[in-house]
Number of protein chains: 2
Amino acid sequence: VEAIAVSDQHPPTSSITSLGEFGLIERISRIVGASAAVVGIGDDAAVIDRPGDSYLLATVDMLVEDVHFRTGRTSPEQLGRRAIEINASDIAAMGGSPGYALVSLALRPQTEVTFVDDLFAGIQAAAAGHGVQVVGGNLTRIDGPVVVDATLLGAVPKEDLVTRRGARVGDVLAVTGTLGDAAAIRRAGDAGLRADDPAIQEWMRKRAVPRARVAEGRALASAHVAGAMIDISDGLSSDLSHLCDASEVGALIDETSLPLSLGTRWAAENMHVAATDLALAGGEDYELLVTISETDLLEARQLGVTLCPIGRVVPRAEGINLRSTDGRRVEIQASGWTHF
Amino acid sequence: VEAIAVSDQHPPTSSITSLGEFGLIERISRIVGASAAVVGIGDDAAVIDRPGDSYLLATVDMLVEDVHFRTGRTSPEQLGRRAIEINASDIAAMGGSPGYALVSLALRPQTEVTFVDDLFAGIQAAAAGHGVQVVGGNLTRIDGPVVVDATLLGAVPKEDLVTRRGARVGDVLAVTGTLGDAAAIRRAGDAGLRADDPAIQEWMRKRAVPRARVAEGRALASAHVAGAMIDISDGLSSDLSHLCDASEVGALIDETSLPLSLGTRWAAENMHVAATDLALAGGEDYELLVTISETDLLEARQLGVTLCPIGRVVPRAEGINLRSTDGRRVEIQASGWTHF
């Protein structure tokens, strides 16, 4: 479908919504052409070759007010932490460690100084937590939504690099933590849902900002047990489909195995939505999705990395499916977050 | 003044306009703390140490619709080229060469596909012109102004690094080309001024997008003749003051020596503004401002780098002044582009 959408016969007056985010990325990739980078556009981070034992990793992620966050619901400090974490997650998905950040910021002139203080306190806290140093950036005025665009540079030993391409049929699909939490919290907030249970309140606080799985990514990569890896930023359904496309494989996900937190179950129940839908389509969880052999799954446990198996890599021809709790086999549509 | 503005006694309800762009940068630098980078926040690009003979350079510059460009006046192709050139200029100012770009883009959903095509055609053209490869980026929706945020990575041989700090009293201040052109074109456009002279029309076309002085920066840096270097993005008055602050020196600029193009003189005359003001405060010229000894100025000429001497580095106590055409000595206020 994308191959048609990006053809030159595309009517010149159509809007980018007709292509969709990934159609647009495909189209841009063709314009900028093949790259001498080891991995260019189309993985979590760009991988740049250089002399020595490690690749340079580079990634950028933009947060836009009223699209990725709402002022009043997300504090400036949370926003700052998130700007670093979501990029650190991209570095983690390549098996790397982040090292340096540049932060580009568009602010309205009437923005209060305390907003900037708190934003950078959050940036600095998250950066320090990952051993990242903020070395540069850019400040500009905008007459519109606040924009925080962080670039993260990192490194990965060349022999440890993990991409989206290494999934092998028969591998286990596993994730580093519960899925759907971010969507559950966002939608509970939209619905004005309030929790009396202190455990649920604590869950909301803890999951308000994701924490990139850098240690887990590094451990799996350095032990050479991860076949393919991707971070779940757009939702399991979308990111699983990216991984399967890149590796030219299919997947069978087991609904009963999807790790769901108590909070996500609570939110789903109270909003009368299926927790599975939150897990599949929710997005912004920033857990890692890994393919790994059965034996290496044990090895990972010995390394101290908790992985929840959620399914299997299957041949491409079998597609991407969910074996539901009632035993039916349902095709998984890539229904996660897309921008256009 | 900045030292007071950024003190902790600052009232918490004040807006960022009370600090100004550079006060805000100063404040942010304190929050993110000292950096292990060779040069952190406060030069044209961040300089990151690494094993081997070269430093990694990283810079980011954001272009916001209705702040840095107007749709209808700047074509998408020009916008794309500018996004690369302004970052390449920052790399050039460190004596480096750019190598890789990441492009982060916020677009309205109704944006036409042709806009993206033309934007990336411009990005790719400018990138290819500097040997830069576009290796990644980010696409997001915005319900507001279009934002183009390009990150450029480059390298400089360690022994060739030039910063803002190396100006010595007695050095010549010189620039790589004419000043005020961008401001003249922008303001002529605002005033609806039209040129009949084909030479002026050609000047407008050629200067619509700056061309980063990468070859000049490299040549000066590798010959070790540049004391300090900065690119003139905010206007000579602002950027000269940044250079003088970093090097702890003063400057005396000779008004008669300021290189002004025929077009800038034409625009100034027709708008009844002083061409000198356009040159001092205009901004967005992206020429390099260099300090260099008298003898090395000759050396630069032999390297094929055209430098126009515009003044002298003087002791800090003498401040930053202009010797005007009528012989008066006028203090230069940093009056260039600031965002807040």
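It should be emphasised that the depicted structure is a prediction, and the values quoted were computed from it without experimental measurement.

Caption draft 1: Spotlight on the pattern of salt bridges. All names here are of chain B. Considering all chains together, one arrives at 47 salt bridges over all chains under this definition. As a salt-bridge pair, Arg141 and Asp143 come within 2.8 Å of each other at their nearest N and O atoms. Judged by its relative accessible area of 49%, Asp143 is partly exposed. Across the pair Arg168 and Asp171 runs a salt bridge whose closest N-O atoms are separated by 3.8 Å. Its relative accessible area of 49% is what places Arg168 among the partly exposed residues. The buried category is assigned to Asp171, whose relative accessible area is 5%. Salt bridges here are not isolated pairs; linked through shared partners, they connect Asp181, Arg207, Arg213, Glu216, Asp285 and Glu287.

Caption draft 2: Main features of the packing of helix H6 (residues 198–207) of chain B against helix H9 (residues 262–271) of chain B. Residue and element names in this part refer to chain B. Following both chains from N to C, one finds H6 and H9 inclined at 105°, their axes separated by 9 Å at the closest point. The pairing of H6 with H9 is recorded here as roughly perpendicular in orientation. Two secondary-structure elements touch here, H6 through Ile200, Trp203 and Met204 and H9 through Leu262, Gly263, Thr264 and Trp266. In terms of residue class, the contact of H6 with H9 is made up of five nonpolar, two polar and no charged.

Caption draft 3: Fine view of the interface of chain A and chain B. Contacts between the two partners involve 72 residues from chain A, matched on the other side by 72 residues from chain B. Counting the surface lost from both chain A and chain B, the interface buries some 5,800 Å², and carbon and sulfur atoms represent 68% of this. If you look at where chain A meets chain B, you find two salt bridges. One salt bridge connects Asp117(B) with Arg27(A), and the closest N-O pair in it is separated by 2.6 Å. Of all the elements, strand S4 (residues 133–141) of chain A adds the most residues to the side of chain A that touches chain B, at nine residues.

Rules used in this analysis
Residues numbered from 1 in each chain as written. Chains lettered and ligands numbered in written order. Predicted model: local features only at pLDDT ≥ 70, side-chain atom pairs only at ≥ 80, totals over all residues. Heavy atoms only, no water. Salt bridge = Lys/Arg side-chain N within 4 Å of Asp/Glu carboxyl O. Buried < 20%, exposed > 50% of the residue type's maximum accessible area, 1.4 Å probe, protein only. Axes fitted to C-alpha atoms, helices over the stretch in contact; angles between N-to-C directions. Helix = DSSP H or I, 4+ residues; strand = E, 2+ residues; numbered from the N terminus. Parallel < 35°, antiparallel > 145°, perpendicular 65-115°, else oblique. Contact = heavy atoms within 4.5 Å. Nonpolar A, V, L, I, M, F, W, Y, C, P; charged D, E, K, R; others polar. Buried area = accessible area lost by both parts, 1.4 Å probe.

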